[in-house]
Amino acid sequence: MTFHNSIFGWFAKNKRDLPWRTTEDPYRILVSEIMLQQTQVERVVPKYLAFLKRFPTPRHLAEAETGAVLRLWSGLGYNRRAVNLKQAAEIIAQRGYPDDLSELPGIGPYTSAAVQAFAFNRDVPVVDTNIRRIFSRYFFAGKGTQERIDAKVAEQVPAGRSRIWNNALMDFGSMLCTASSPACASCPLKRSCAAFKKGTVAYLRIAPPQKKFEGSRRQTRGAILRLLLVSSLTEQELADKLGKNVAATRDIVDELVREKLAVRRQRRVSLP
Ligand code: ADE
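Predicted model, so just to flag it, every value in this text is computed and none were measured.

### A word on the overall build of the protein
Scanning the protein from N- to C-terminus turns up 14 helices and 3 strands. Oriented by its inertia axes, the alpha-carbon framework of the protein measures out at about 70 × 40 × 30 Å. The proportion of buried residues among the 272 residues of the protein is 47%. Put simply, of all contacts in the protein between residues at least 6 apart along the chain, 63% involve residues at least 24 apart. Surface accessibility of the protein: about 14400 Å² in total, with carbon and sulfur atoms responsible for 51%. Charged side chains in the protein number 44 positive and 25 negative. The centres of these two groups are separated by 6 Å.

As structure tokens, then:
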């Protein structure tokens, strides 16, 4: 069996039912991909459903208050994503989708490709770490450079079937060809996989560790936004609740205000 047939065959039997797979609406796909950028599938599913119930179209999101959007976002983290998504919805509601989706705030080449594949079935590769890992092992025995791997991913997109192909690769990479415990024994590709044949399945360039969350600026930003979900507060009150000094608290509030995640009214800080 060929590479493609093996992956398609595996997917037919093992695919996950994910709510963003029953739609071709670019807005819904966009919401899912923005949520999935830094958050795991299981945590995204309920948030995705709640978000789309409340904001079913770009217009609903464009007309919402940022505070209401942040409220629904809470628990997902990386809250700037929510502000960017609302700004993107404002542009889409006014002028429709730009030809180049990466003109929208918060949308880089990966998200742009994912929306093109999953909403429009365009023949584009979607290259995330899971998909790179499959290609790295299968074609390069775990030793390809990123450039060569990405070129191979692009070359292998089957014409006219990008939507199902990229979904299949995502599931294959996150369920079978995983980073730390790949299920090679039951893998339909093992006889032709370069890494399996050479015994280099474990040989993967290791991604740099995620920055420590505990005690980080990101943690404090998250804590401030959670407090503001309940009520507006002065900087002094925020500092007391966080156990930080006022200057350090003000510095982070300044940043949140610049990013439109918070506003100052008189001496109080609140959600926008
Ligand atoms: N991670 C990023 N995009 C995804 C998708 N569409 N399905 C599953 N996991 C994903």
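### Topic: the confidence of the model for the protein
Looking at the protein, the pLDDT average stands at 94 and 97% of residues meet or exceed 70. Per-element averaging of pLDDT across the protein places helix α12 (residues 217-230) at the bottom with 93 and helix α4 (residues 58-63) at the top with 98.

### Examining the site of the ligand
Around the ligand lies a shell formed by R16, L18, W20, R21, E33, L36, V41, Y110, F118 and M170. The contact in question runs from a nitrogen atom of the ligand to an N or O atom on the side chain of W20, over 3.3 Å. The separation between a nitrogen atom of the ligand and a polar side-chain atom of E33 is 2.9 Å. Notes on the ligand: free accessible area 260 Å², of which the protein chains cover 90%. Taken together, the elements giving at least two residues each to the shell around the ligand come down to α2 (26-36) and α7 (109-120). Residue composition of the shell around the ligand, by class: 7 nonpolar, no polar and 3 charged.

### Some remarks on the sheet that holds strand β1 (residues 233-234)
Sheets are built from strands that pair by backbone hydrogen bonding, the pairs being arranged parallel or antiparallel. Taken in spatial order, the 3 strands line up as β1-β3-β2 in an open sheet, and their pairing is antiparallel. Each edge of the sheet is formed by a strand with only one pairing partner; in this case those strands are β1 and β2 (263-265). Alignment of β1 against strand β3 (residues 268-270), held across 2 bridges, turns out to be antiparallel. Counted as the bridge partner of L233 is V269 from β3. Sheet strands in contact with helix α14 (residues 246-258) are β2 and β3, and its direction is about 110° off that of β2.

Criteria and thresholds
- Residues numbered from 1 in each chain as written.
- Predicted model: local features only at pLDDT ≥ 70, side-chain atom pairs only at ≥ 80, totals over all residues.
- Heavy atoms only, no water.
- Helix = DSSP H or I, 4+ residues; strand = E, 2+ residues; numbered from the N terminus.
- Buried < 20%, exposed > 50% of the residue type's maximum accessible area, 1.4 Å probe, protein only.
- Contact = heavy atoms within 4.5 Å.
- Areas by Shrake-Rupley, 256 points an atom, 1.4 Å probe, with all protein chains shown as cover.
- Lys, Arg positive; Asp, Glu negative; His and termini not counted.
- Charge placed at Lys NZ, Arg CZ, Asp CG, Glu CD.
- pLDDT = per-residue confidence, 0-100.
- Near = heavy atom within 4 Å.
- Polar contact = N/O pair within 3.5 Å; in protein donor to acceptor, adjacent residues only side chain to side chain.
- Nonpolar A, V, L, I, M, F, W, Y, C, P; charged D, E, K, R; others polar.
- Pairing = 2+ DSSP bridges.
- Axes fitted to C-alpha atoms, helices over the stretch in contact; angles between N-to-C directions.

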